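# Descriptive analysis of the structure
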Amino acid sequence: LAIMAVIVTSGSYAQDAGYIGVQYGSFRTSDASQNNGDHENMDHIGISIGANLLPTIGLEAQYSTNLNDKKVGVGTTLSSQVTGAYAKIQTPTPIYVNGRIGVARVDYELDTPFFSRAESTNGVSYGLGVGVKLADTASIEANYTRLPDVDDKSFSQRTIKNELLTVGINFHF
């Protein structure tokens, strides 16, 4: 993030070299409280900061967290957050498509009346997005991100899959 902040604020790049964005969406995960393959969807809100190194190549950092803990049973709640850093390739057109690959960390916390447990994982993350440039200073964007899986060895002995679907607005500077 510090390197990205220096790049964005250095002034040596053309206008629209950097952006800050806010996103809202759904974090979809295999249900960490059951062993039946069900999924849970949690409302997530996030923030991102990015810098375009070239017109089609950039770097992006993103943080996302759930708005409310998800109730997954009697007295049981699930919460999550995602942190990621990505290299991004984007078409240089007003209506654009982008792809990104990087690393992400997914953190869970499951609270029950009898115990609390935290699970986390780091790994490769990738995604696709589409956007529309509204003006030189703003764009809207929808993204799908496939996040690292969590190997839950403590209780269910299975892999928990994670995805993030978001829609947001980026403010360019």
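Our subject is the structure that appears above.
Let us look at the structure shown here.

Analysis parameters
- Residues numbered from 1 in each chain as written.
- Predicted model: local features only at pLDDT ≥ 70, side-chain atom pairs only at ≥ 80, totals over all residues.
- Heavy atoms only, no water.
- Helix = DSSP H or I, 4+ residues; strand = E, 2+ residues; numbered from the N terminus.
- Buried < 20%, exposed > 50% of the residue type's maximum accessible area, 1.4 Å probe, protein only.
- Contact = heavy atoms within 4.5 Å.
- Areas by Shrake-Rupley, 256 points an atom, 1.4 Å probe, with all protein chains shown as cover.
- Salt bridge = Lys/Arg side-chain N within 4 Å of Asp/Glu carboxyl O.
- 1 Å grid on protein atoms, 1.4 Å probe; cavity = no way out; pocket = protein on both sides within 12 Å on 5 of 7 lines; lining within 4 Å.
- Points joined across faces, edges and corners; volume = space filled by probe spheres on them.
- Nonpolar A, V, L, I, M, F, W, Y, C, P; charged D, E, K, R; others polar.
- Core = buried A, V, L, I, M, F, W, Y, C linked by side-chain atoms within 4.5 Å.
- Polar contact = N/O pair within 3.5 Å; in protein donor to acceptor, adjacent residues only side chain to side chain.
- Phe/Tyr/Trp six-rings, centres within 6.5 Å; stacked < 30°, edge-to-face > 60°.

Let us look at the overall build of the protein. In terms of helices and strands, the protein carries 1 helix and 9 strands. Beginning at the N terminus, the succession of helices and strands in the protein can be written as α-β-β-β-β-β-β-β-β-β. Expressed as a percentage of its 173 residues, the buried residues of the protein come to 43%. Sequence separation of at least 24 residues holds for 58% of the intrachain contacts in the protein that already meet a minimum separation of 6. For the protein, the accessible surface area stands at approximately 9,000 Å², while carbon and sulfur atoms represent 63% of it.

Moving on: the pattern of salt bridges. According to the stated counting rule, one finds 6 salt bridges in the structure shown. Note that Lys88 and Glu60 form a salt bridge whose closest N and O atoms lie 3.2 Å from each other. Of this pair, Lys88 sits in strand E5 (residues 76-90) while Glu60 sits in strand E3 (residues 57-66); the two residues are 28 residues apart in sequence, bridging distant segments of the chain. Of the two residues examined, Lys88 and Glu60, each falls in the buried class. Residue Lys88 pairs with Glu141 through a salt bridge whose shortest N-O separation is 3.3 Å. Here Lys88 is found in strand E5, whereas its partner Glu141 is found in strand E8 (residues 138-152), with 53 residues between them in sequence. Residue Lys88 shares its accessibility class with Glu141, and that shared class is buried. If you follow the salt bridges from partner to partner, you end up with Glu60, Lys88, Arg100 and Glu141 in one network.

The next point concerns empty space enclosed by the protein. Considering all chains together, one arrives at 1 cavity of 30 Å³ or more under this definition. Estimates place the volume of the largest cavity at around 70 Å³. In terms of lining residues, the largest cavity is bounded by Gln23, Ser48, Glu60, Gln62, Arg100, Glu141, Asn143, Thr166, Gly168 and Asn170. Looking at the lining of the largest cavity, the elements that each hand over two or more residues are E3, E8 and strand E9 (158-172). A per-element tally of the lining of the largest cavity places E9 first, with 3 residues. Classifying every residue of the lining of the largest cavity by side-chain character gives no nonpolar, 7 polar and 3 charged.

So, about the nonpolar core. One finds Phe27, Leu78, Val82, Val106, Tyr108 and Leu147 to be the most contacted residues of the largest nonpolar core, which totals 14 residues. Elements that contribute at least two residues to this core include exactly E5, strand E6 (95-111), E8 and E9. It is E6 that provides the largest number of residues to this core, a total of 4 residues. Residue contacts for Val82: discarding those within four places in its chain leaves Phe27, His44, Gln62, Tyr63, Ser64, Arg105, Val106 and Leu147.

What follows concerns the side chain of Thr29. Residue placement: Thr29 occurs in strand E1 (residues 18-30). Residue classification places Thr29 among the buried positions, given a relative accessible area of 0%. Within the structure, Thr29 has its side chain in polar contact with the side chain of Asn162 (distance 2.9 Å).

Our next topic: the packing of aromatic side chains. Enumeration over the complete set of coordinates arrives at 1 aromatic pair. Aromatic pair Phe27 and Tyr108: ring centres 6.3 Å apart, planes at 65°, arrangement edge-to-face. You can see Phe27 sitting in strand E1 and its partner Tyr108 sitting in strand E6, a full 81 residues away along the chain.

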